[in-house]
Amino acid sequence: MKLLVLGGTKFLGRATVENALARGHEVTLFNRGETNPELFPEVEGLRGDREGDLTVLEGRSWDAVLDPSGYVPHVVRASAELLADAVEHYVFVSSISVYAEQSGRNTEESHVGEIGDWPVDELVIDDGGGNYGPLKALCEDIVSEVFPGRHSNVCAGLLVGAHDPTGRFTYWPHRLARGGEVLAPAPPERKVQFVDVRDLAGWLLDLAERRVAGTFNATHPGRPWGEVLETAREVSGSDASFTWVPDAFLAEHEVGEWMELPLWLRDPEWVGMHMADVFPAIEAGLSFRPLEETVRETLELAEPTDEAGLSPEREAELLSAWRERA
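I will try to describe carefully the structure that is included in this document.

Cut-offs used in this document
- Residues numbered from 1 in each chain as written.
- Predicted model: local features only at pLDDT ≥ 70, side-chain atom pairs only at ≥ 80, totals over all residues.
- Heavy atoms only, no water.
- Helix = DSSP H or I, 4+ residues; strand = E, 2+ residues; numbered from the N terminus.
- Buried < 20%, exposed > 50% of the residue type's maximum accessible area, 1.4 Å probe, protein only.
- Contact = heavy atoms within 4.5 Å.
- Core = buried A, V, L, I, M, F, W, Y, C linked by side-chain atoms within 4.5 Å.
- Expected span 1.5 Å × (residues − 1).
- Pairing = 2+ DSSP bridges.
- Right-handed = clockwise from strand over helix to strand, strands pointing away.
- Axes fitted to C-alpha atoms, helices over the stretch in contact; angles between N-to-C directions.
- Salt bridge = Lys/Arg side-chain N within 4 Å of Asp/Glu carboxyl O.
- Phe/Tyr/Trp six-rings, centres within 6.5 Å; stacked < 30°, edge-to-face > 60°.
- Lys NZ or Arg CZ within 6 Å of the ring centre and 35° of its normal.

## Some points on the side chain of T16
Mapped onto the elements of the fold, T16 is located in helix α1 (residues 12–22). In this structure T16 comes out as buried when scored by relative accessible area, which is 1%. The residues touching T16, leaving out its near neighbours within four places in the chain, are L66, A201, L204 and L205.

## Regarding the nonpolar core
Ranked by size, the top nonpolar core spans 38 residues in total, and within it W172 and F194 carry the most contacts. Broken down by element, the residue count for this core peaks at 4 residues, all from helix α6 (residues 225–236). When near neighbours in sequence (up to four residues on either side) are disregarded, F194 contacts L158, V160, F169, T219, H220, R223, V228, L263 and L291. Grouped together as the second largest cluster of nonpolar side chains are 34 residues, F11, A15, A20 and L205 included.

## What to know about α6
Look at α6: 17 Å from first C-alpha to last across 12 residues, which is about the 16 Å you get at 1.5 Å a residue. Looking only at α6, the buried set comprises W225, G226, V228, L229, T231 and A232. G237, located one to two residues past α6, shows a positive phi value of around 70°.

## Details of the pairing of strand β1 (residues 2–6)
Of all 5 residues in β1, 4 are buried; the element is thus mostly enclosed. Relative to strand β2 (residues 26–31), β1 runs parallel, the two being bridged by 5 bridges. What sits directly across from L3, in β2, is V27. On the question of chirality, the crossover connecting β1 to the parallel β2 by way of α1 is right-handed. With 3 bridges connecting them, β1 and strand β4 (residues 62–67) associate as parallel partners. Bridged to L4 within β4 is V65.

## Topic: the pairing of strand β6 (residues 151–156)
Extensive coverage of β6 is indicated by the burial of 6 of its 6 residues. Here β6 shows a buried face lined by H151, N153 and C155 and a second buried face lined by S152, V154 and A156. Pairing of strand β5 (residues 87–95) with β6, which is carried by 6 bridges, proceeds in the parallel orientation. Bridged to S95 within β6 is A156. Bridge count between β6 and strand β11 (residues 214–218): 5 bridges; the pairing is parallel. Looking at the pairing, N153 lines up with T215 of β11.

## Some points on the sheet that holds β1
Note on sheets: strands pair through backbone hydrogen bonds, and any given pair is parallel or antiparallel. Taken in spatial order, the 7 strands line up as β3-β2-β1-β4-β5-β6-β11 in an open sheet, and their pairing is parallel. Pairing within the sheet leaves two strands with one partner each, and these edge strands are β3 (44–47) and β11. Taking the axes of each pair of neighbouring strands and ignoring which way they run, one obtains an average angle of 20° across the sheet. Pairing between β4 and β5: 5 bridges, direction parallel. Residue pairing across strands places W62 opposite V87, the latter belonging to β5. Against the sheet, helix α3 (residues 132–146) touches β5, β6 and β11, its axis set at about 165° to β5.

## Focus on the pattern of salt bridges
According to the stated counting rule, one finds 22 salt bridges in the structure shown. Of the charged contacts, one joins E18 and R198 as a salt bridge, the two residues approaching to 3.7 Å between their closest N and O atoms. Residue E18 is located in helix α1, and its partner R198 is located in helix α5 (residues 197–210); the two are separated by 180 residues in the primary sequence. When its relative accessible area of 27% is taken as the criterion, E18 is described as partly exposed.

## Observations regarding the packing of aromatic side chains
Under the definition given, this model contains 8 aromatic pairs. With 6.4 Å between their ring centres and 40° between their planes, Y71 and Y132 make a pair best called tilted. Taken together, the residues span a long stretch of sequence, with Y71 in the loop between β4 and α2 (73–83) and Y132 in helix α3 at a distance of 61 residues. Judged by centre distance (5.1 Å) and plane angle (70°), the rings of F249 and W322 are edge-to-face. With a gap of 73 residues between them, F249 in helix α7 (residues 247–252) and W322 in helix α10 (residues 312–325) connect regions that are remote in the sequence. Among the aromatic side chains, those forming a connected cluster through ring pairs are Y171, W172 and W225. Over the aromatic face of Y71 sits the side chain of K136, whose NZ or CZ is 4.5 Å from the ring centroid.

Structure representation (structure tokens):
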């Protein structure tokens, strides 16, 4: 397959290109050459800017295009319309953040968020997500309009694993590896959803190869917190112990959801981020590697960040306060 990737050198794009090359596909990268430009010297690299310079794509043709870097409608429209007669299938990476309500289980038929008073021509992120979800929903509409019957809109959940730049899931394997007493959000049987970037990358290629049309939520059906943390402890070989602390205590001490205590959600309006229905994607072939592999690759190929996770001092303070209260 001749594959065009818009981006291709960061996280999901990188994983997809690695997989595509392993399958023997002919890959062309289109990007600005600013992120990891040293990657993939063996493939064709076209330089340009999705914001207005697509000229190097003119007069070319590919079997499929993978778009993991489209966030703003007019940018996605420009690439989609230019490639409409040059590409057989368009795979667009969207997000489960498109749904208007995140308080419960969302299917592909759930209502998506509306742009409202948010700008439509630029991405704005705030503590509530900003216009990220509504913009992704508009981008999906454009891909569906320009490539009717020959597109895949993939609403991805939280991506984790090798080369993860966000530090969210990454915090947990590295924290468990340090050992000692670990603050964990109770109850341990509550489930969290995330998907290994390499599992999603391989499935995106499957969709392109088989020309599978439609919209899909794409993440793991969910794993209990206890399983996630116990697996991280086993893989890292640490002596970590868990202190399971309830939501009420964490909220009382103003622990930040999602980022300060990564993956943790208690707000009733947001708990649905861990409840997406993924049955159609699994029916279409999405599969999952053992959690042990994801944890191992995270430890080896992804570093924690200052933006995600409890600092050792903050964690110690919370554990001390919990012991005093108990």
